[in-house]
Structures are given as structure tokens and as C-alpha cells.
Amino acid sequence: MSQNSVDLRSDTVTRPTAAMREAMLAAPLGDDVFGDDPAVNALQEKIAGLLGFEAALFVPTGTQSNLCAILSHCQRGDEYIVGQMAHCYRWEGGGAAVFGSVQPQPLNHHTDGTLALSEIEAAIKPDDAHFARTRLLALENTLGGKLLPFDYVRQATALAKKHGLARHLDGARLFNAAVAQAAQTGNNPLAEARRIADCFDSVSVCFSKGLGAPVGSALCGSREFIARAHRIRKMAGGGMRQAGVLAAAASHALDNHVGRLAQDHALAKHLADGLAGIEGLQVEPPHTNIVFVDLTGAAREQSAALLKHLGSQGIQATGLYRLRFVTHLDVDAAGVDRAVAAIRQFFHLKA
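For every chain, the first residue of the written sequence is number 1, and numbering continues from 1 onward in sequence order. It should be noted that, the model being predicted, local features are given only for residues of pLDDT at least 70 and side-chain atom pairs only at 80 or more, the latter also being counted only at that level, while totals for whole chains, interfaces and linings use all residues. Side-chain descriptors were evaluated using all non-hydrogen atoms of the structure, hydrogens and water having been removed beforehand.

Draft legend 1. Representation of the overall build of the chain in the model. Check the secondary structure of the chain and you find 14 helices and 13 strands. Relative to the compact-globule value of 20 Å for 351 residues, the chain shows a C-alpha radius of gyration of 21 Å, a close match. Residue exposure (1.4 Å probe, protein chains only): buried if accessible area is under 20% of the type maximum, exposed if over 50%, otherwise partly exposed. Within the chain, the proportion of its 351 residues that are buried is 54%. Residue contacts are defined here by distance: any two heavy atoms, one from each residue, within 4.5 Å place the two residues in contact. By sequence separation, contacts in the chain at least 24 residues apart represent 73% of the contacts at least 6 residues apart. Values of accessible area rely on a 1.4 Å probe in the Shrake-Rupley scheme; residue burial ignores everything except the protein chains shown. Counting only carbon and sulfur atoms, one obtains 52% of the accessible surface of the chain, whose full area is about 15500 Å². In the chain, which carries 33 positive and 34 negative side-chain charges, the distance between the mean positions of the two groups comes to 2 Å. Each helix corresponds to a stretch of at least 4 residues labelled H or I by DSSP, and each strand to a stretch of at least 2 residues labelled E; elements are numbered beginning at the N terminus. For a compact globule the rule gives 2.2 Å times the number of residues to the power 0.38, and the radius of gyration it is set against comes from C-alpha atoms. Charge counting follows a simple rule: Lys and Arg are positive, Asp and Glu are negative, and His as well as the terminal groups are ignored. Charge placement uses NZ in Lys and CZ in Arg. For Asp and Glu, CG and CD serve respectively.

Draft legend 2. Structural context of the packing of aromatic side chains. Paired rings are identified among Phe, Tyr and Trp, the last through its six-membered ring, by centres lying within 6.5 Å, and are further divided according to the angle between planes into stacked (under 30 degrees), edge-to-face (over 60) and tilted (the rest). Per the counting criterion, the structure on display carries two aromatic pairs. Ring geometry for Phe 58 against Phe 207: centres 6.4 Å apart, planes inclined by 45°, an arrangement best described as tilted. Of this pair, Phe 58 sits in strand S2 (residues 55–59) while Phe 207 sits in the loop between strand S7 (202–206) and strand S8 (217–221); the two residues are 149 residues apart in sequence, bridging distant segments of the chain. Both residues of the pair, Phe 58 and Phe 207, belong to the buried class. Residues Phe 346 and Phe 347 carry aromatic rings whose centres are separated by 5.1 Å and whose planes lie at 85° to one another, so their mutual orientation is edge-to-face. According to the relative accessible area criterion, Phe 347 is buried, its value standing at 15%. We call a charge positioned over a ring when the NZ of a Lys or the CZ of an Arg lies within 6 Å of the ring centre and within 35 degrees of the ring normal. Lying across the ring of Trp 91, Arg 90 places its NZ or CZ 5.8 Å from the centre.

Draft legend 3. Seen up close, the state of the cysteines. Throughout, disulfides are identified as pairs of cysteine sulfur atoms within 2.5 Å of each other. Scanning all chains against the criterion turns up zero disulfides. Cysteine Cys 88 is unpaired, with the sulfur of Cys 74 as its nearest cysteine sulfur at 10 Å. Take Cys 88: its relative accessible area is 6%, and that puts it in the buried class. In this structure Cys 199 is not part of a disulfide, and its nearest cysteine sulfur, from Cys 220, lies 15 Å away.

Draft legend 4. Looking closely at the environment of Leu 271. The topology assignment puts Leu 271 in helix H12 (residues 261–275). A residue is classified by how much of its surface remains accessible, and Leu 271, at 0% relative accessible area, is buried. Separated by 216 residues in sequence, Leu 271 and Ala 55 have C-alpha atoms that sit 39 Å apart.

Draft legend 5. Expanded view of the nonpolar core. Residues Ile 47, Leu 51, Phe 58, Ile 120, Phe 175, Val 203 and Phe 207 are the most contacted members of the largest nonpolar core, which totals 59 residues. The element best represented in this core is helix H11 (residues 244–256), accounting for seven residues. Ala 272, Leu 295, Ala 342 and Ile 343 belong to the second largest nonpolar core, which has 28 residues in total. Residues belong to one nonpolar core when they are buried, are Ala, Val, Leu, Ile, Met, Phe, Trp, Tyr or Cys, and are joined through side-chain atoms within 4.5 Å.

Draft legend 6. Expanded view of the pairing of strand S13 (residues 322–326). Sheet topology note: the strand S10 (residues 290–295)/S13 ladder contains five bridges and is antiparallel. Residue pairing across strands places Val 291 opposite Phe 325, the latter belonging to S13. Of the pairings in the sheet, the one linking strand S12 (residues 318–319) to S13 comprises two bridges and is antiparallel in character. Bridging across to S13, Thr 318 finds its partner in Arg 324. When DSSP finds two or more bridges between two strands, those strands count as paired.

Draft legend 7. Main features of the layout of surface pockets. With a 1 Å grid laid over protein atoms only, a set of points is called a cavity when a 1.4 Å probe fits there but cannot get out and a pocket when it is open yet has protein on both sides within 12 Å along at least five of seven lines; lining residues have an atom within 4 Å of a point. Grid points are joined across faces, edges and corners, and a volume is the space filled by probe spheres set on the points. By volume, the largest pocket is sized at about 900 Å³. At the level of elements, helix H3 (62–73), S10 and S13 are the ones that each hand at least two residues to the lining of the largest pocket. The element contributing the most residues to the lining of the largest pocket is H3, with three residues. In this classification, the charged set is Asp, Glu, Lys and Arg, the nonpolar set is Ala, Val, Leu, Ile, Met, Phe, Trp, Tyr, Cys and Pro, and all remaining amino acids, among them Gly, are polar. For the lining of the largest pocket, a count of residues per class yields eight nonpolar, 13 polar and nine charged. Of the voids in this model, the second largest pocket is the one considered here, and its volume is about 290 Å³.

Draft legend 8. Just the sheet that holds strand S9 (residues 281–283), in detail. Spatially, S9-S10-S13-S12 is the arrangement adopted by the four strands of the open sheet, whose pairing is antiparallel. Each end of this open sheet is capped by a strand with a single partner; those strands are S9 and S12. Pairing of S9 with S10, which is carried by three bridges, proceeds in the antiparallel orientation. Note on S10: the bridge partner recorded for Val 283 is Val 293.

Structure (C-alpha cells):
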């Protein structure tokens, strides 16, 4: 991206660092469809070990990872319980229903991103031919940048296990959640990632968001589960050949980019603080690296003009009446300050 550009659209826009590019160039390669790409195998062993699972599967995208997970846990005529705003329900094209005939049972979120335990329990269907078979609870952490409270995660997954449901975590930003949770507990982020993952039967992790790799996610679970997921990945066209080039980037990210996520969280807070108090802007205090800003009152009609103004200043963001700003390794404090100044300028305020 241009040196003068400040891209706050998503943490998916990151470019590989120089060190990551060197790791990619040096990666030993094979053919992952034959299972003999050394870098892919090493990555799968690494992420499975970090999160406490028997096995892992490297896939091109988080969407495919979630699809493989749901279709490995569920069969045709089954259903999964999920939040209305969860990525694997709302933002993945209905893949589980379209490709697997697996019915979603969406529930409303509380403001903190949780699903009411009583509503989860009430949504579990009895063993009756009138109903889809409830097989799975799917949670997401972080959800819209929010850290799910760990006590809640334990309670919700324990409830699911009590009723015989499998438990899947869309952990696209699991390491953001782990860094935020570590800030609360004083523990190591990798230990917190493991504590969260221990609550689930399967976990999907993205490398191409805050961790800064160009492509790729991993699905973790038991060996039997991953064997099923591997077959689904094949059917979904997710088998890649010399994928070790990409796996090496993901492995480098795990080794070098987890701790630095705290910098992104600090910059998101800096951005939120800089926008606080502007009339017409309602800023949601960020838990991690995502800042949501609601335009209210007269400002509600100015979203398109504001985004156009930001674009003219070399600042990219997304949103309609609700704006989203995401910090990442290609955004620094100067870039955040530029964004704050441009927004204040739009509202005719001094920086």
C-alpha cells in the first residue's frame, strides 16, 4: 500500500513483513495434496500443539475452515446453534445449509456478544422426527472485536457438552482474544489461547488477519475429526499443492506476531479516545483492534460524505451509518492520528 495511505478497512489488508517474505522464500516444499509438504506439516503440528489438539488442517480461508468444521460435526438434517452476528452464520453465504443441508438455529446476542444460556438450552431440540437434530454449538471469539468473557465461554461449552452437543470455536481472531484476556489475567497470551481452546472440540484460527500472513487458516481437532474435515476440504476444492510457501508465513506469524497484537489493541484505544466527544459520533470502546463508531442524529446522514472525505485524505474505512476501523501491523500511531485529525476536520473541529 502507499506510504501515504492509512488502510483501516480490515486487518486482512496487511502485507507480509520482510522477515515473513524471507521465511516464505526459504520454505521447504512438497505437495500437500499428497501430504508431503514439510512446511504445511510443520505448521499443522505447531498450531495443534499450541492449542492442545491432536491434529490440524491447513486451509485457504476461515470460511472454508468453518464449513469443514460444521460439516464434520453435523450430517444432513442436523442443526447448529449459533449467534445472529456470528461469521459462520451471517457472513459465509449460508454454506453449511447450501452444501451440507445443515440447518442453522440463530440466537440473538447480548450486548457483550454472548448468547443467553437459557436460550441455548431452549433451542436444543427434543429427539423427535418433527425437528432437525441439534448437534453443535458454534461460538466466535472475538466477536466483532469483543472478547467473550472466559467464565461465559466455560459455562456455555459445559452446557453444550451436558446436552451431548459438539462445540466449535470460530477463532478467526483467537489470538487477539488471547492477548486481551492475558492483559486481564497477567498470563502469557499463548497460555490464554490454550485455555480458550480447551473448552472446544474444534477451533478455527485465521493467520491472514492480525497475525499478518497473506493467506490461510487452520482447523484444529481430534485426529478422527480432522480426517473427516480433510475429505470435506477436498470436496470444497481446498487441497493446495506447494502450499508450504503460505504455511511458512503462518508459522512465522505464530512465532513473531502474537505478542505484538497488543500494539494494535493500544492503537485502537488511541483511535477511540481521539474520536470521543465529537457530537454525532457514538464510539464503542474497543476490546481489541476493532473500533465501531455509530453516526447519530444529523450525522447519521453524513456517512457517505465522511468516507469520501477520508478517502481524499488517503484514509480507508468501511461502513454505512456504522463505521468500522481496524488497526493492524501496517498502521502506526501517526496513521491513527491522521485519521482522527481528518474526522475532526470533517466535523469542523480542531485536532
